[in-house]
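# Observations on the model geometry
As a plain string of letters, each chain reads:
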Amino acid sequence: MQVSSLNEVKIYSLSCGKSLPEWLSDRKKRALQKKDVDVRRRIELIQDFEMPTVCTTIKVSKDGQYILATGTYKPRVRCYDTYQLSLKFERCLDSEVVTFEILSDDYSKIVFLHNDRYIEFHSQSGFYYKTRIPKFGRDFSYHYPSCDLYFVGASSEVYRLNLEQGRYLNPLQTDAAENNVCDINAVHGLFATGTIEGRVECWDPRVRKRVGVLDCALSSVTVDSEINSLPTISALKFNGALTMAVGTSTGQVLLYDLRSDKPLLVKDHQYGLPIKSVHFQDSLDLVLSADSRIVKMWNKNSGKIFTSLEPEHDLNDVCLYPNSGMLLTANESPKMGIYYIPVLGPAPRWCSFLDNLTEELEENPESTVYDDYKFVTKKDLENLGLTHLIGSPFLRAYMHGFFMDIRLYHKVKLMVNPFAYEEYRKDKIRQKIEETRAQRVQLKKLPKVNKELALKLIEEEEEKQKSTLKKKVKSLPNILTDDRFKVMFENPDFQVDEESEEFRLLNPLVSRISEKRKKQLRMLEQQELQAKNEEEEEPEGRPSDAESSESSDDEKTWVEEVRKQRRLLQQEERVKRQEQLREDQQTVLKPQFYEIKAGEEFRSFRESATKQKLMNKTLEDRLKLEAKHGMLNVSDTTVGSKQLTFTLKRSEQQKKQQEAEKLHRQERKKLRRSAGHLHSRPRRGRPFH
């Protein structure tokens, strides 16, 4: 028996138990039942409660004594007597059953709708009569007052077969192209059919007229739902005189009051699968809606989920045993599901022992595929050294691996690794020691890299915690505990360089703050040493608090600190320049030979040598040379930043162009002067009259 719990509602699966492989012979199964206690004690509520391949529909008779189920293959119907907890009879059929209806209180009158348009009637003795409808049928309902069977299917007509007269009556003409499901209200006899256009048409059987139409497709579309196709009606169920539940092919369940054309509630399964069946549970006001994947139980007034059931195999049909907490399912597997939910109601009379049994059971984890067999892959066999068993009876091939006896697996694993238990025991002891260590009072352990930054972050975190306790503000995550910044306190490449110009100019007061932190670091190191060794007494005449003897950090203004740092940086630059000049003077240049490339003109060795030198030097050295020659001017601002002014070097072509322009200007000046001199001289010759 498997136990699952959702929303604190326990669901007992009575059909699971301990499963055995299908490829075992009956003789081996009987031997396992004799030897294995778990197999012998498993709960088999109804004997042979299964089908050869698949179960399609399942129903309970009105008196509650018989359970009838149809399935394949070959197509058949099986009847189980609950008082005897065994199979009563089995009848094979000519074709698969779409659905069936029990007309009597027991199993004596049954009607089957086949997928080949045949309608088959069975009595207590067996097959009774067979007839045919014009179109393929999908569902039918029985109207007790008039003894009429209403058939819907791949047609716009609803066919009526009167069982008292033994003949077909005039069909009901609907506006739909096809009809999927139908149902008859047991209180006032209203007939409703669900169409592929997403509508529900209601008919009065007394006058054979349509009394109303509900457009469920439009009502099922909500804001959150994603609809890719037109919703069709896939399930229909009445509850009482006024309530009706409609299931759509897109996974919605709509609850209607027959006095209104708008739904009271729309419940979405969120799977997008067609609703297979809908049932009402009156004692708790619940609705049980099922698709092929899940059975959801929810409140019909609020829509709040009560619990859900998700079996291993796809569902074909769901049946709620009347006046009890038992649920029967027809699955896409040979075994039919039996689930007991004590919250929904008591166990039926024929299995009243379940109430006492479930009270004593505790919640157990889900079992493996086969409890007596272990699934291993080829890699597992190589690790265990059992590859030579492939092809032998000890290994059974299954999908991408093998099944082997669990006892053989444990024996081989113990032989391969005999110290596995010792390693497990040591790990458990180590975990216990670490848990006890975490409860001790811990000192501040600083990382190896960026200790001062870590100390600053710890102090800020302590201040934040104090402020959050007072102001009740949400605390933000710290950098020290964040994995993204873990490398900053482990890798030495991320060490903050406090001697760099940028650090000293952007942090003018960092020197005094760093001094305080360095003293705190020393104090922490002393505390760690004292924790290892014996405690030392504090020397008299000096207080323990280092901050008491220090002046405040704000004795000098921020501008004075900036100026002081600038002066220090300028002095350091001068010293570096002098050292660089000395090194340049001491260096002796050796003659070097160069080969001129094809297509280039040789100008001078000095130019090529200087160019090669400049190409080999770094950007910093080139900037210093330009500053030395007067082509670069560096000036500091009061804020702490630098201003660079470059004087670009003129090329030879630019020089020639400037000289040509200069000569051109001079020639033009000479021409102007000569022209002015000519105009200023008097004319010679005969005067003008």
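Residues numbered from 1 in each chain as written. Predicted model: local features only at pLDDT ≥ 70, side-chain atom pairs only at ≥ 80, totals over all residues. Heavy atoms only, no water.

When helices and strands are counted, the protein shows 14 helices and 34 strands. Within the protein, contacts between residues at least 6 apart in sequence are counted, and of these 45% link residues at least 24 apart. With the model as given, the accessible surface of the protein reaches about 47100 Å², and the carbon-plus-sulfur share is 49%. (Helix = DSSP H or I, 4+ residues; strand = E, 2+ residues; numbered from the N terminus. Contact = heavy atoms within 4.5 Å. Areas by Shrake-Rupley, 256 points an atom, 1.4 Å probe, with all protein chains shown as cover.)

In terms of residue burial, strand S9 (residues 118-122) counts as a mostly covered element, since four of its five residues are buried. Where strand S8 (residues 110-114) hands over to S9, the hairpin turn is made up of three residues, of which Arg-117 adopts a positive phi near 75°. Where S9 lies against strand S10 (residues 127-132), five bridges are found, and the strand directions are antiparallel. Bridge pairing links Ile-119 to Thr-131 in S10. (Buried < 20%, exposed > 50% of the residue type's maximum accessible area, 1.4 Å probe, protein only. Pairing = 2+ DSSP bridges.)

Ordered by their spatial adjacency, four strands build an open sheet running S23-S24-S25-S26, and the pairing between neighbours is antiparallel. The open sheet has two edge strands, strand S23 (277-281) and strand S26 (305-309), and neither has a second partner. Pairwise comparison of adjacent strand axes, ignoring direction, gives a mean angle of 15° for this sheet. With four bridges joining them, strand S25 (residues 295-299) and S26 adopt antiparallel strand pairing. Following the sheet pairing, Met-297 is matched in S26 by Thr-307. (Axes fitted to C-alpha atoms, helices over the stretch in contact; angles between N-to-C directions.)

Moving on, we come to unusual backbone geometry. At the junction of Thr-72 and Tyr-73, the peptide bond is cis and its omega measures out at -10° in the coordinates. Tracing the chain through its elements places Tyr-73 in the loop between strand S4 (66-72) and strand S5 (76-81). Here the residue pair Tyr-73 and Lys-74 is connected by a cis peptide bond, since its omega of 10° sits within 30 degrees of zero. With respect to the helices and strands, Lys-74 occurs in the loop between S4 and S5. Positive phi values are uncommon outside glycine, yet Leu-85 reaches one of about 55°. Mapped onto the elements of the fold, Leu-85 is located in the loop between S5 and strand S6 (86-92). For Leu-85, a relative accessible area of 26% corresponds to the partly exposed category. Even without glycine at this site, Cys-147 takes up a positive phi of about 60°. Its place among the elements puts Cys-147 in the loop between strand S11 (137-143) and strand S12 (148-153). Exposure remark for Cys-147: the relative accessible area of 22% places this residue in the partly exposed category.

Moving on, we get to the environment of Leu-408. Among the secondary structure elements, Leu-408 is positioned in helix H6 (residues 406-416). It is 8.9 Å that separates the C-alpha atoms of Leu-408 and Phe-394, two residues lying 14 residues apart in sequence.

Overall, the coordinates contain 13 salt bridges when judged by the stated rule. Among the charged side chains, a network of salt bridges with common partners joins Arg-76, Arg-78 and Glu-90. (Salt bridge = Lys/Arg side-chain N within 4 Å of Asp/Glu carboxyl O.)

Another point: H6. Residues that lie three or four places apart on an α-helix share one face, since the helix turns once every 3.6 residues. For H6, every residue scored as buried is listed here: Ile-406, Tyr-409 and Val-412. Projection of H6 onto a plane perpendicular to its axis shows the buried side chains occupying an angular sector of 130°, all on one side. Residues of H6 that are exposed and point more than 90 degrees away from the buried face comprise Arg-407, Lys-411, Leu-414 and Met-415. In the core, the buried residues of H6 are packed alongside strand S30 (373-376), helix H5 (378-384) and strand S32 (401-405). For H6, the capping residue at the N-terminal end is Asp-405, with a side-chain oxygen 2.9 Å from the backbone nitrogen of Arg-407. (Arc of directions from axis to C-beta. Polar contact = N/O pair within 3.5 Å; in protein donor to acceptor, adjacent residues only side chain to side chain.)

In this section: the side chain of Ser-289. Secondary-structure assignment places Ser-289 in strand S24 (residues 286-290). Separated by 2.7 Å, the side chains of Ser-289 and His-269 make a polar contact.

With that settled, consider a positive patch on the surface. On the surface, a cluster of positive charge is contributed by Arg-668, Lys-669, Lys-670, Arg-672 and Arg-673. With respect to the helices and strands, the residue Lys-669 is situated in helix H14 (residues 652-680). (Patch = residues over 30% accessible without salt bridge, like charges linked within 9 Å, V, L, I, M, F, W, Y side chains within 5 Å. Lys, Arg positive; Asp, Glu negative; His and termini not counted. Charge placed at Lys NZ, Arg CZ, Asp CG, Glu CD.)

Another aspect to go through is the nonpolar core. Grouped burial of nonpolar side chains is what soluble globular proteins tend to show. Among the nonpolar cores identified, the biggest contains 25 residues, and Ile-58 and Met-326 are the most heavily contacted of them. Elements supplying a minimum of two residues to this core: strand S3 (54-60), S4, strand S28 (326-331) and strand S29 (337-340). If sequence neighbours within four positions are ignored, Ile-58 has contacts with Phe-49, Ile-67, Leu-68, Ala-69, Phe-100, Asp-317, Cys-319, Leu-328, Thr-329, Ala-330 and Met-336. In terms of nonpolar packing, the next biggest core, distinct from the first, is built from 15 residues, Leu-286, Leu-288, Leu-309 and Tyr-339 among them. (Core = buried A, V, L, I, M, F, W, Y, C linked by side-chain atoms within 4.5 Å.)

For the rest of this paragraph, the subject is the confidence of the model for the protein. Detailed reading of the predicted coordinates is not advisable wherever pLDDT is low. Across the protein, the average pLDDT comes to 79, with 75% of residues at or above 70. Element-level pLDDT for the protein is lowest in helix H2 (residues 37-40), with a mean of 60, against a maximum mean of 95 in S8. Across residues 363-369 the pLDDT falls below 50, and counting only partners more than four positions away or on other chains, this stretch makes seven contacts in the model. This stretch, residues 534-553, has a pLDDT under 50; its non-local contacts, to residues over four places away or in other chains, come to 13 contacts. (pLDDT = per-residue confidence, 0-100.)

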